[in-house]
Amino acid sequence: MPRIGSHQVPTRTLLLVGVDAMAIVVPLIAATALRFPESAPSVLLALGSWAKLTLVTFVYGLSLYFNDLYDFRIVKSQSNLLLHMLRAMVSAGFALALLYFLAPVLSFGRGVTLAASPFIFVLLLSWRLSVSVTNLLARGDERVLVLGTGEAGISLVRHIIGHPEYNIKVVGFLDEQGQNIGKSLVNPCIVGAAADLEDIVAQHKVDRVVLSLKDRRGSTPVRELLNLKLAGIRVEEVHNCFERISGRIPLEHLSPSWLILSDGFRKSRISLAAKRFADIIVSSALLVLVSPLLPLIAIAIYLESGGPIFFRQTRVGHRGLEFELLKFRSMVQDAEKHGPQWATKQDSRVTRVGRFLRKTRLDELPQLINIFRGDMSVVGPRPERKYFCEMLAEKIPYFNLRHSIRPGLTGWAQVRFKYSASLDDAKGKLELDLFYLKNLSLLVDLAILFETVKVVILGRGAQ
């Protein structure tokens, strides 16, 4: 996946991708040499052959990605590995067969790809099994020391403890005045005073110092922090650390000064114009692509529950302006006759056709019209109803910041969170929306679109 904010593709994932490429290319070259023994050198040196190799590698790589085989929780799980690998091979084979049927010129000919497939499967599976058995790509935990006993730092440590997949070990806290050494705040205790910073970093072999001071005036060991930074120890503010590891900006303890002074939240006219241009191109292309499905969906809805086919609802969009959102109707008629309600899991108001449409996200297709006419964007915070916006703006700080850009068909919150069914859920989604606003770019949008396709294909998060 492309970089999202401070998230970069881990070195371990890049290594997996590189070895996967070799495991795909080598059997293809061998199969080509066997199928064309007399002309193999000229065939393999031809530019067209390398283009075909690149295409097959790309298709297999996408299939591995969409089947979670770059997720190290799957790579390490032998019980799930075979199932995911089989699913990836079948989907890659189907995609290549379709491509070769539509454009035979892309094929190597004489069943080269088919002959190479069993060997590709064996190499990809055995490589991942070796990773699982030997912990070949295992890495040591990053050792983190929290300077200060502020509430934001305590919340960060709680979050880290709840996510062992981060591979982070918290050494402990340093008390500002050194008066509570030995006291337990979460699980790691206060291991020293701020004045002992350099000695404790050396003693515990700390990799990163996170600043969470209750009051920085007169209590920040500036000289010691500068020495550590020059020595190669990473120094980071607590909000930046939470954002980097979790992909969200926590509302708890968030201050206006951090929002104002932090990097990001930049929306230049050029980037917004490029985003709008991309919206027009993508929505136009998708409307043409899905046009054969639209009448079939309409007929299915009408046969089950009659009209209307479309669900129209006023939503709050860019700069707080209202617009009419379009969806295929997935609920019974008059589903909100008793007033607005949040969607919930196993919602009894959803029809049988509607449940299928929601699971496959086909009910969202009419919103491509909203995108084309400028009400929405392809990627952005999901639009809410005015009733919920007013309620949430009163109870959640910074809620209206999400209206600083056009709402989206999909977004960072949509691929990382479930449907909002409570105030706490709405807070969680806003934290993800703020992260997206801070890191807004076309590259981030592309990464979110990849994740969206993955969510749709695997049917995750639908209700």
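So, here is what we can say about the structure in this document. (Residues numbered from 1 in each chain as written. Predicted model: local features only at pLDDT ≥ 70, side-chain atom pairs only at ≥ 80, totals over all residues. Heavy atoms only, no water.)

In this section: empty space enclosed by the protein. Inspection of every chain in the model, using the stated rule, returns two cavities of 30 Å³ or more. Quantified by volume, the second largest cavity comes out at close to 50 Å³. Ala 152, Ser 155, Val 238, His 239, Phe 242, Pro 250, Glu 252 and His 253 are the residues that line the second largest cavity. Within the residue set of the lining of the second largest cavity, elements represented by two or more residues are helix H7 (151-161) and helix H10 (238-246). The leading source of residues in the lining of the second largest cavity is H10, at three residues. For the lining of the second largest cavity, the per-class residue count stands at four nonpolar, three polar and one charged. (1 Å grid on protein atoms, 1.4 Å probe; cavity = no way out; pocket = protein on both sides within 12 Å on 5 of 7 lines; lining within 4 Å. Points joined across faces, edges and corners; volume = space filled by probe spheres on them. Helix = DSSP H or I, 4+ residues; strand = E, 2+ residues; numbered from the N terminus. Nonpolar A, V, L, I, M, F, W, Y, C, P; charged D, E, K, R; others polar.)

Right, let's get into the packing of aromatic side chains. Evaluated as defined, the whole model comprises five aromatic pairs. Each ring, one from Tyr 65 and one from Phe 450, has its centre 6.2 Å from the other, and the planes form 75°; the classification is edge-to-face. Linking Tyr 65 in helix H3 (residues 47-66) with Phe 450 in helix H19 (residues 442-458), this pair joins segments that are 385 residues apart in sequence. Exposure remark for Tyr 65: the relative accessible area of 12% places this residue in the buried category. Taking relative accessible area as the criterion, Phe 450 reaches 28% and is therefore assigned partly exposed. Between Phe 310 and Phe 328, the aromatic rings sit 5.3 Å apart at their centres with planes inclined by 15°, giving stacked as the arrangement. (Phe/Tyr/Trp six-rings, centres within 6.5 Å; stacked < 30°, edge-to-face > 60°. Buried < 20%, exposed > 50% of the residue type's maximum accessible area, 1.4 Å probe, protein only.)

Moving on, we get to the sheet that holds strand S2 (residues 168-175). Reading across the sheet, the five strands line up as S3-S2-S1-S4-S5 and stay open at both edges, with parallel pairing between neighbours. Two strands lie at the open edges of the sheet, namely strand S3 (190-193) and strand S5 (234-237), each paired on one side alone. In this sheet, neighbouring strand axes are inclined to one another by 30° on average, regardless of whether the strands run parallel or antiparallel. Sitting on the sheet, H7 is in contact with strand S1 (142-147), S2 and strand S4 (208-211), with an inclination near 160° to S2. (Pairing = 2+ DSSP bridges. Axes fitted to C-alpha atoms, helices over the stretch in contact; angles between N-to-C directions. Contact = heavy atoms within 4.5 Å.)

Pairs may arise between side chains of opposite charge once their charged atoms sit close together. Going through the model one piece at a time under the given rule, you end up with 18 salt bridges. Arg 244 is the salt-bridge partner of Glu 236, the closest N and O atoms lying 3.0 Å from each other. Notably, a salt bridge pairs Arg 352 with Glu 304, separated by 3.5 Å at the nearest N-O pair. Residue Arg 352 is found in helix H14 (residues 352-360), and its partner Glu 304 is found in helix H13 (residues 293-305); the two are separated by 48 residues along the sequence. For Arg 352, a relative accessible area of 70% gives the class exposed. In this structure, a network of salt bridges that share partners links the residues Glu 142, Arg 208, Arg 234, Glu 236 and Arg 244. (Salt bridge = Lys/Arg side-chain N within 4 Å of Asp/Glu carboxyl O.)

Consecutive side chains along a regular strand alternate between the two faces of the sheet. Where burial is concerned, most of S1 is hidden: five out of the six residues are buried. Relative to S2, S1 runs parallel, the two sharing six bridges. In the sheet register, Glu 142 faces S2, and the bridge partner there is Ile 168. Across four bridges, the pairing between S1 and S4 is parallel.

This part covers the side chain of Lys 454. Here Lys 454 is to be found in helix H19. Given the relative accessible area of 10%, Lys 454 is considered buried. There is a polar contact of 2.7 Å between the side chain of Lys 454 and the side chain of Asp 68. (Polar contact = N/O pair within 3.5 Å; in protein donor to acceptor, adjacent residues only side chain to side chain.)

Turning next to the environment of Glu 384. Here Glu 384 lies in the loop between strand S8 (377-379) and helix H16 (386-395). Residues Glu 384 and Gln 313, 71 residues apart in the sequence, show an inter-C-alpha distance of 9.8 Å. Once residues within four sequence positions are removed from consideration, Glu 384 is found in contact with Arg 315, Val 316, Cys 389 and Arg 402.

All of the buried residues in H16 are Phe 388, Cys 389 and Leu 392. One side of H16 carries all its buried residues, which in axial view fall inside an arc of 100°. For H16, the secondary structure elements touched by its buried residues are strand S6 (310-316) and helix H18 (423-438). (Arc of directions from axis to C-beta.)

Our next topic: the packing of helix H5 (residues 78-102) against helix H6 (residues 112-134). Two quantities define a packed helix pair, namely the angle between the axes and the distance from one axis to the other. As a packed pair, H5 and H6 sit with axes 11 Å apart at the nearest point and diverge in direction by 155°. In terms of their interaxial angle, H5 and H6 are classed as roughly antiparallel. Of the two possible hands of crossing, H5 and H6 adopt the one that is right-handed. Between H5 and H6, the residues in contact are Gln 78, Leu 81, Leu 82, Met 85, Leu 86, Met 89, Leu 96 and Tyr 100 and Thr 113, Ser 117, Ile 120, Phe 121, Leu 124, Leu 125, Arg 128, Leu 129, Ser 132 and Val 133, respectively. Its residues assigned to classes, the contact of H5 with H6 comprises 13 nonpolar, four polar and one charged. (Parallel < 35°, antiparallel > 145°, perpendicular 65-115°, else oblique. Left-handed = near helix turned anticlockwise from the far one by under 90°.)

Before going further, it helps to examine the environment of Val 350. Within the secondary structure, Val 350 is located in the loop between strand S7 (322-328) and H14. When the C-alpha atoms of Val 350 and Arg 329 are compared, they prove to be 9.1 Å apart, with 21 residues separating the residues in sequence. Those residues in contact with Val 350, other than ones at most four positions away along the chain, are Ser 330, Met 331, Arg 355 and Arg 358.

Taken across its eight residues, S2 has seven buried, putting it largely inside the fold. In this fold, the crossover linking S1 to S2 by way of H7 has right-handed handedness. Bridge count between S2 and S3: three bridges; the pairing is parallel. Residue pairing for S3: Asp 175 is matched across the bridge by Ala 193. (Right-handed = clockwise from strand over helix to strand, strands pointing away.)

Honestly, it's all geometry; don't read function into it.
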